[in-house]
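Breakdown of the fold
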Amino acid sequence: MVQIQGQGTPQGGVISPLLANLFLRYVLDKWIEKTFPTVKFVRYADDIVVHCKSENQSHYVLEGIRRRLKACKLQLSEEKTKITYCKDYRRNEGKDYPKSFDFLGHTFKPMSKKSNRDNGVFLGFDCQMSMKSRSRILATWKQMDFHGKSTKTLQDIAKVINAQTRGIINYFGKMETRMLEQVFRHLDYCIAKWVKNKFKSLRSYQKAYDWLRDIGSSYPNMFVHWSISKF
């Protein structure tokens, strides 16, 4: 969602998010509740997901939102706005629509799920960490360059990254951990690289990983992410 040029609150202003949220509360939220009382939706800042029950309803609601925002001197970001078909084992239509979307750092898409009844597998519509979030996390670790700081101790490295990894687990780990395992395997690789640079006797990755496994056996809570990763 974007504002009409030359109007609205200053970009980056301290009070801008609060004012924008208050404005959208009445311009959009209350309006949807009144105009489409059976439609469920969720909004965070200016990102919104609207749940419709049919193709016709989705087009009707989208056009209504577009007109509403235009009347209030706003407009949708057409680049980011799309109708998604939430395909799962119960729904197998909507061939002409995208099957996934990103929202709040997650990608929502058709995924294989395990059945609690017969231990089988079925196609569900669920979410996991988005590739954008994954790339952003890996880029942050690369910028920290802690694996090149051989003067630090392993405890120093843990202190630097534990607060961040705890937040990552608390946010993304509530849904599923497969993507987290991939991300933390990369983190373990960075730590193993630090071990190689730190100790002359551990100059191969195999020796570095073996050394870290021994540390993990004695101090399993040294790194928060070790509760998930299996290096």
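Residues numbered from 1 in each chain as written. Predicted model: local features only at pLDDT ≥ 70, side-chain atom pairs only at ≥ 80, totals over all residues. Heavy atoms only, no water.

Quick look at the pattern of salt bridges now. As enumerated under the stated definition, the model contains 10 salt bridges in all. Of the charged contacts in the structure, one is a salt bridge between Glu-33 and Lys-30, with a shortest N-O distance of 4.0 Å. With Glu-33 and Lys-30 both in helix H1 (residues 16–35) and three residues apart, this pair spans about one turn of that helix. On the basis of relative accessible area, Glu-33 is assigned to the partly exposed category, the value being 39%. Of the residues examined, Lys-30 reaches a relative accessible area of 37% and is grouped as partly exposed. One continuous salt-bridge network, built from bridges that share partners, spans Glu-63, Arg-66, Arg-67 and Glu-78. (Salt bridge = Lys/Arg side-chain N within 4 Å of Asp/Glu carboxyl O. Helix = DSSP H or I, 4+ residues; strand = E, 2+ residues; numbered from the N terminus. Buried < 20%, exposed > 50% of the residue type's maximum accessible area, 1.4 Å probe, protein only.)

The next subject is the confidence of the model for the chain. Averaged over all residues, the pLDDT of the chain is 88; the fraction at 70 or higher stands at 92%. Under a pLDDT of 50 for its full length, residues 2–6 has, in the predicted model, 10 contacts with residues more than four places off or in other chains. (pLDDT = per-residue confidence, 0-100. Contact = heavy atoms within 4.5 Å.)

Let us now look at the packing of helix H5 (residues 178–198) against helix H6 (residues 205–218). It is at 9 Å that the axes of H5 and H6 come closest, and there the two elements cross at 105°. Taken as axis vectors, H5 and H6 run roughly perpendicular relative to one another. In this structure, H5 contributes Asp-188, Tyr-189, Ile-191, Ala-192, Lys-193, Trp-194, Val-195 and Lys-196 to the contact, and H6 contributes Tyr-205, Ala-208, Tyr-209, Trp-211 and Leu-212. The class makeup of the residues in the contact of H5 with H6 is 10 nonpolar, no polar and three charged. (Axes fitted to C-alpha atoms, helices over the stretch in contact; angles between N-to-C directions. Parallel < 35°, antiparallel > 145°, perpendicular 65-115°, else oblique. Nonpolar A, V, L, I, M, F, W, Y, C, P; charged D, E, K, R; others polar.)

Another aspect to go through is the packing of aromatic side chains. Under the counting rule described, the total for this entry stands at 11 aromatic pairs. For the ring pair Tyr-171 and Phe-172, a centre distance of 4.8 Å and an interplane angle of 90° mean the geometry is edge-to-face. Judged by relative accessible area, which is 40%, Tyr-171 ranks as partly exposed. For the pair Phe-199 and Trp-211, a centre-to-centre distance of 5.1 Å together with 50° between the ring planes defines the contact as tilted. With Phe-199 in the loop between H5 and H6 and Trp-211 in helix H6, this pair connects stretches of sequence that are 12 residues apart. Sitting above the plane of the Tyr-205 ring, Lys-196 keeps its charged end 4.6 Å from the centroid. (Phe/Tyr/Trp six-rings, centres within 6.5 Å; stacked < 30°, edge-to-face > 60°. Lys NZ or Arg CZ within 6 Å of the ring centre and 35° of its normal.)

Attention shifts here to H1. Between the first and last C-alpha of H1 there are 27 Å, a value that for 20 residues agrees with the 28 Å anticipated at 1.5 Å per step. Listed in full, the buried residues belonging to H1 are Ser-16, Leu-24, Val-27, Leu-28, Asp-29, Trp-31 and Ile-32. Elements in contact with the buried residues of H1: strand E2 (40–44), strand E3 (47–51), helix H2 (55–71) and strand E4 (74–75). (Expected span 1.5 Å × (residues − 1).)

Let us now look at the sheet that holds strand E5 (residues 101–103). Here we have three strands laid out as an open sheet, ordered E5-E6-E7, and antiparallel in their pairing. Among the strands making up the open sheet, the edge pair consists of E5 and strand E7 (121–129). Each adjacent strand pair in this sheet contributes to an overall mean axis angle of 50°, direction not counted. In this structure, strand E6 (residues 106–114) lies alongside E7, joined through nine bridges in antiparallel fashion. Among the inter-strand pairings, Ser-112 is bridged to a residue of E7, identified as Leu-123. Contacting E6 and E7, H5 runs over the sheet at an angle of about 50° to E7. (Pairing = 2+ DSSP bridges.)

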